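Residues per chain are reported as follows:
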Amino acid sequence: MSRRSGVGLFVGLGLAVALLLALVVSHWASSEPDGLERVALDQGFAGHAADSAAAGSPLADYTTAGVDSPWLSTGLSGVIGVLLCFALAAGLTALLRRSRRRRATGTGRS
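Residue numbering note: each chain is counted from 1, following its sequence as written. Totals for whole chains, interfaces and linings use every residue, but because this is a predicted model, local features are given only for residues with pLDDT of at least 70 and side-chain atom pairs only at 80 or more, for both listing and counting. Working from all heavy atoms in the structure, the side-chain values ignore hydrogens and water.

(A) View of the packing of helix α1 (residues 3-24) against helix α3 (residues 70-105). Between N-to-C directions, angles cover 0 to 180 degrees, with each direction set by a line fitted to C-alpha atoms, over the stretch in contact for helices. Each helix is a run of DSSP H or I of at least 4 residues and each strand a run of E of at least 2, with the numbering of both proceeding from the N terminus. One can describe the packing of α1 onto α3 by two numbers: an axis separation of 7 Å at closest approach and a directional angle of 155 degrees. The angle between α1 and α3 places the two elements in the roughly antiparallel class. Note on packing geometry: the crossing formed by α1 with α3 is right-handed. On the side of α1, the interface is formed by Val11, Leu15, Ala18, Leu19, Ala22, Leu23 and Val24, while α3 contributes Trp71, Gly75, Leu76, Gly78, Val79, Val82, Leu83 and Phe86. Residues are grouped as follows: nonpolar covers Ala, Val, Leu, Ile, Met, Phe, Trp, Tyr, Cys and Pro; charged covers Asp, Glu, Lys and Arg; every other residue, Gly included, is treated as polar. The residue inventory of the contact of α1 with α3, partitioned by class, reads 13 nonpolar, 2 polar and no charged. Roughly parallel means an angle under 35 degrees; roughly antiparallel, over 145; roughly perpendicular, 65 to 115; everything else is oblique. If you view the pair so one helix is near and one far, a crossing is left-handed when the near helix is turned anticlockwise from the far one by less than a right angle, and right-handed when it is turned clockwise. Working rule for contacts: check all heavy atoms of both residues, and any pair within 4.5 Å makes them a contact.

This is the structure:
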């Protein structure tokens, strides 16, 4: 097995595990407030908070707009998040590799 195919297999398996976890395990995520929300509740200023700019977005509050099943809505939201993060990481990796190749061949600009 070549190093390149080994890395591809590792990344593919990692992506598959992340997608499975996002789809299935996200259903059991805690509904308790996260750290910042807990502090706001404990200190008594949570009522002064305004909705974020993303409050009306299709993936607001870890749900997927238009999906009636709460379990599926949360799972799809997680899957979409994993895929967006993977696409961003893959794009940045491709840019860095291309930049490194240009420098190695001396075709990059100074």
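So, next bit.
(B) Representation of the side chain of serine 26 in the model. Within the fold, serine 26 resides in the loop between α1 and α2 (35-43). Side-chain polar atoms of serine 26 contact the backbone oxygen of alanine 22, separated by 2.5 Å. Any pair of N or O atoms that falls within 3.5 Å is considered a polar contact. Within protein, one atom must be able to donate a hydrogen and the other to accept it, and sequence-neighbouring residues count only if both atoms are side-chain atoms.

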